[in-house]
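# Residue-level structural notes
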Amino acid sequence: MNQEAVAKALDSAIAKAAEVERCRLIENSTEAEVAKGIENSLCSLSRLQSNKMPDYRDKWLPVLYSTWYQPSHINLTYSMIKAMMGQRDSSNLILNKEGKLCVVDFGCGALAMQFGVALAVADALDRGETIKSVRIVSTDDSQRMVDMGNEIWRHFNKEIQKDSQLATLAQACGTIIPDTPTNSVAYRSFAAQHDEDVWLSAIHVAYESNEEKVKYDLSLWKKKTDPSAGFITSYVANNALLKSISPFENNRYRFADVDVHPQITMSHPPEIDRWRRKLYSKIAPHLDNNGLVRGYLNGKPVSWIWRDARVHIYTRRR
């Protein structure tokens, strides 16, 4: 799979989805109101720098979050799946003979895990592995974030149809069955199919403020799914939370605290950067805290490489 073509398709999809969302959010608003809304949202987003949870209910936050973090988070999820495969006895992506996978993505945000799984499935198809279906159960308390992820996914599927180099990736996306329950307690209605291999992931979901809730919910998901693989990530400064919230700390699972190597190594996504600079130019005259907003929207470019991430990978012993 051509990584440059993948990066181009993702870049274009995120930028186009962001513009759709921007147009929706500015309806019936003055330029000053738009500027204030973006400024407030970026103040909330900046809480991540001190490892605190931003306000995911904020209407501008999903698009601003996605145009900063989504490229690196997709790369992270794809890369950690590749790293997980190196920890297992089998070289196959899916362990069962039926070629069916179910991924429960707890605290899914803008669906970075769904994209990472799609890229890993494309690699598996290139290797000749038979994959019939991949069910992605994505749960999050923020419907706004999930909606943003769905919009990016819609544009991504259009983009990959334009490039013959991504034919296998288009086939991989065709195997994926998205399932987005309305909230994080969707385990109550979840039912694993007997012929599915199951993974459980929690990507950058835990903070001190929600540690106990995340720990409780993950334990319930683990009991419900009995996954063959588990992924838990956080910012390095939140590393102490990882083992605290993990439901995999027992002898049934092998644990690997690994350095995950990026699979997408492009420098930066130019379409996303152009969108961000254009947004800044529109609101700059109306800003009170120009320095903060300029730093986010018109400062250094967005990166494909994640910053300060810790990844714990668990694989079930046979």
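Here we summarise the structure given alongside this text. (Residues numbered from 1 in each chain as written. Predicted model: local features only at pLDDT ≥ 70, side-chain atom pairs only at ≥ 80, totals over all residues. Heavy atoms only, no water.)

### What to know about the overall build of the chain
The following threshold applies: Only DSSP runs of H or I reaching four residues or more are called helices, and only runs of E reaching two or more are called strands; each is numbered from the N terminus. The globule rule used for comparison is 2.2 Å times the number of residues to the exponent 0.38, while the radius of gyration itself is calculated over C-alpha atoms. Note on exposure labels: buried denotes an accessible area under 20% of the residue type's maximum, exposed denotes more than 50%, and partly exposed covers the range between, all computed with a 1.4 Å probe on protein chains only. When checking whether two residues touch, look at their non-hydrogen atoms; a contact exists if any pair is within 4.5 Å. The charge count treats Lys and Arg as positive and Asp and Glu as negative. His and the chain ends do not count. Charge positions come from single atoms, namely NZ of Lys, CZ of Arg, CG of Asp or CD of Glu.
Regarding its fold elements, the chain presents ten helices and seven strands. Relative to the globule expectation of 20 Å for 318 residues, the C-alpha radius of gyration of the chain, 19 Å, shows essentially globular dimensions. The buried share among the 318 residues of the chain stands at 57%. A fraction of 85% describes how many contacts in the chain between residues 6 or more apart in sequence connect residues 24 or more apart. Counting 41 positive and 38 negative side-chain charges, the chain places the averaged centre of each group 2 Å from the other.

### Considerations on the environment of Tyr 207
Keep this limit in mind: Two N or O atoms form a polar contact when they lie within 3.5 Å of each other; inside protein one atom must be a possible hydrogen donor and the other a possible acceptor, and for residues adjacent in sequence the pair counts only when both atoms belong to side chains.
Position of Tyr 207 relative to the elements: it lies in the loop between strand S4 (197–203) and helix H7 (211–225). Counting along the chain gives 108 residues from Tyr 207 to Thr 315, while the straight-line C-alpha distance between them is 24 Å. Beyond its immediate sequence surroundings of up to four residues, Tyr 207 is in contact with Leu 48, Asn 51, Lys 52, Met 53, Pro 54, Tyr 56, Asn 238 and Leu 241. A polar contact is formed between the side chain of Tyr 207 and the side chain of Tyr 56, at a distance of 3.2 Å.

### Observations regarding the packing of helix H2 (residues 31–45) against helix H3 (residues 61–87)
Keep this limit in mind: Lines fitted to the C-alpha atoms define the axes, with helices restricted to the stretch that makes contact. Angles between their N-to-C directions range from 0 to 180 degrees. Note that the term roughly parallel is reserved for angles under 35 degrees, roughly antiparallel for angles over 145, roughly perpendicular for angles of 65 to 115, and oblique for everything else. What makes a crossing left-handed is the near helix being turned counterclockwise from the far one by less than a right angle; a clockwise turn instead makes it right-handed. When residue character is reported, Ala, Val, Leu, Ile, Met, Phe, Trp, Tyr, Cys and Pro are called nonpolar, Asp, Glu, Lys and Arg charged, and the others, Gly included, polar.
Where H2 meets H3, the axes come as close as 9 Å, and the angle between the chain directions of the two elements is 55 degrees. The pairing of H2 with H3 is recorded here as oblique in orientation. Regarding H2 and H3, the two cross each other, and that crossing is right-handed. On H3, the residues that touch Ile 38, Ser 41, Leu 42, Ser 44 and Leu 45 of H2 are Leu 61, Leu 64, Tyr 65 and Tyr 69. A class-by-class count of the residues in the contact of H2 with H3 yields seven nonpolar, two polar and no charged.

### With respect to the sheet that holds S4
Rules: When DSSP finds two or more bridges between two strands, those strands count as paired.
The strand order across the open sheet built from seven strands is S3-S2-S1-S4-S5-S7-S6, with neighbouring strands paired in mixed fashion. Each of the sheet's edge strands pairs with one partner strand only, and the pair in question is strand S3 (176–179) and strand S6 (253–257). When the angles between neighbouring strand axes are averaged without regard to direction, this sheet yields 15 degrees. Here S4 runs beside strand S5 (residues 229–235); their pairing, made up of five bridges, is parallel. The residue of S5 that forms the bridge with Leu 200 is Gly 230. Its contacts with the sheet place helix H6 (residues 167–175) against strand S2 (133–139) and S3, and it is angled at close to 45 degrees to S3.

### What about unusual backbone geometry?
A positive phi angle, near 60 degrees, is found at Asn 51, a position not held by glycine. Within the element layout of this structure, Asn 51 appears in the loop between H2 and H3. Phi at His 204 is positive, roughly 50 degrees, even though this residue is not glycine. Counting through the fold element by element, His 204 comes out in the loop between S4 and H7.

### What about the side chain of Asp 195?
In this structure, Asp 195 sits in the loop between S3 and S4. According to the relative accessible area criterion, Asp 195 is buried, its value standing at 13%. A polar contact is formed between the side chain of Asp 195 and the side chain of Lys 100, at a distance of 3.0 Å. If sequence neighbours within four positions are ignored, Asp 195 has contacts with Asn 96, Glu 98 and Lys 100.

### Points about the side chain of Thr 67
Following the sequence through the fold, Thr 67 ends up in helix H3. A distance of 3.3 Å separates a polar atom in the side chain of Thr 67 from the backbone oxygen of Leu 64. If we ignore the near neighbours within four places in the chain, the residues touching Thr 67 are Ile 14, Ala 18, Ile 272, Trp 275, Arg 276 and Val 302.

Keep in mind these values describe shape, not function.
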